[in-house]
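Here is what each chain is made of, one letter per residue.
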Amino acid sequence: MSEKKRSISALKNGTVIDHIKNENTFKILQILNLKDEHLMIGTNLKSKKLGKKGIIKVADKELSKEELNKVSFVAPKATIALIKDYDVKKKFEIDFPKEFVGVAKCGNYNCITNNEPVETHFFTLSQDPIIVKCKYCEKVFSNELEII
Ligand SMILES: [Zn+2]
C-alpha cells in the first residue's frame, strides 16, 4: 500500500493553490470568482503546517497579482504552483502584501470608502493573525472583512 498515492488527480496546465486553511477553501473560489473554470478541490487533507488544509487546482489559469493579493488575505500561508505539461514550472509561497488596495471592504460603515467612490486601502500590521489598518478611518481589523 503506497502512502504516496495522490489524493487529487494531476493537472496538465494551470495553478495549484495549496495550504489553504481548511475552512477557507470555498471562500477562495468565491473571491476568485471561479465558476467556469475546470476545478479540482480537496478539503480536510492532512497538513503538518495547518492541521487540516484545503487545496484547489484550477486548469488553464494563472493568477494575476491582484488575485494573489486576494488569496493571501484569506490564505496567508498558501503555496502556489504553476503547472505546465504535468510539471511544476514554478512554486512559491504567497507573498503577503504590506498594503491591500481594493481587496476588502472597510468594516466601518462611516468610513469614506463606504460612502464615496474611494478604493479601500489597508496597511498590514500583522500577517499571522491577519491584522490590517484602514488608511482612511484608521480602524484596525482582523480578517473578518468582506472581500470585494
Ligand atoms: Zn475605513
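It should be noted that the structure appears before, not after, this text.
Residues numbered from 1 in each chain as written. Predicted model: local features only at pLDDT ≥ 70, side-chain atom pairs only at ≥ 80, totals over all residues. Heavy atoms only, no water.

1. Looking at the overall build of the protein
Rules: Helix numbering and strand numbering both begin at the N terminus, where a helix is a DSSP run of H or I of at least 4 residues and a strand a DSSP run of E of at least 2. Residue exposure (1.4 Å probe, protein chains only): buried if accessible area is under 20% of the type maximum, exposed if over 50%, otherwise partly exposed. Whether two residues are in contact is decided by their heavy atoms: any pair within 4.5 Å suffices. Accessibility throughout is a Shrake-Rupley quantity obtained with a 1.4 Å probe, and a residue counts as covered only by protein chains that appear here.
Along the protein, the regular secondary structure elements total two helices and nine strands. Written out in order from the N terminus, the α and β elements of the protein read β-α-β-β-α-β-β-β-β-β-β. By principal-axis analysis of the C-alpha atoms, the protein measures approximately 60 × 30 × 25 Å. Sorting the 148 residues of the protein into buried and exposed places 45% on the buried side. A separation threshold of at least 6 residues defines the contact pool for the protein, and within that pool the share at least 24 residues apart is 58%. With the model as given, the accessible surface of the protein reaches about 9400 Å², and the carbon-plus-sulfur share is 47%.

2. Re the environment of Leu-63
Along the chain, the position of Leu-63 falls in the loop between strand E3 (51-59) and helix H2 (65-74). For the pair Leu-63 and Val-16, spaced 47 residues apart in the sequence, the C-alpha separation amounts to 9.9 Å. Residue contacts for Leu-63: discarding those within four places in its chain leaves Thr-15, Ile-17, Leu-32, Leu-68, Val-71 and Ile-80.

3. Considerations on the coordination of the zinc ion
Tetrahedral coordination by four donors sets the ideal angle at the metal to 109.5 degrees; octahedral coordination by six donors sets it to 90 or 180 degrees. Going by this rule: Listed donors are limited to N, O and S atoms within 2.8 Å of the metal, widened to 3.2 Å for Na, K and Ca; water is not among them, so incomplete-looking sites are possible. Irregular is the label for any site that misses the other tests, which are tetrahedral for four donors with all angles between 85 and 135 degrees, and square planar for four donors or octahedral for six when opposite donors exceed 155 degrees and the remaining angles lie between 65 and 115.
For the zinc ion, every protein donor is listed as Cys-106 (SG), Cys-111 (SG), Cys-134 (SG) and Cys-137 (SG), and the spread of their distances is 2.3 to 2.4 Å. For the zinc ion, the four donor atoms in the first shell make angles of 103 to 116° at the metal, so the coordination geometry reads as tetrahedral. Considered as a linear motif, the donors of the zinc ion on their single chain read C-x4-C-x22-C-x2-C. Of the two residues, Cys-111 is situated in the loop between strand E6 (99-101) and strand E7 (121-126) and Cys-134 in strand E8 (residues 131-134); the sequence distance between them amounts to 23 residues. Its relative accessible area of 1% is what places Cys-111 among the buried residues. Residue class for Cys-134 comes out buried when judged on its relative accessible area of 1%.

4. A look at the pairing of strand E1 (residues 14-21)
As a reminder, the rule being used: When DSSP locates at least two bridges between a pair of strands, those strands are taken to pair.
Most of E1 sits inside the fold, with seven of its eight residues counted as buried. Inspection of the sheet shows E1 paired to E3 by six bridges, in the antiparallel sense. Note on E3: the bridge partner recorded for Thr-15 is Val-58. Bridge count between E1 and strand E4 (residues 79-84): five bridges; the pairing is antiparallel. The residue of E4 that forms the bridge with Thr-15 is Leu-82.

5. Section: the pairing of strand E5 (residues 87-93)
In terms of residue burial, E5 counts as a barely covered element, since only zero of its seven residues are buried. With six bridges connecting them, E4 and E5 associate as antiparallel partners. Bridge pairing in E5 places Ala-81 opposite Lys-91. Connecting the antiparallel pair E4 and E5 is a turn made up of two residues, with Asp-85 showing a positive phi of about 50°.

6. Some points on the environment of Glu-66
Take Glu-66: it is sitting in helix H2. Taking the relative accessible area as the measure of exposure, Glu-66 reaches 51% and is therefore exposed.

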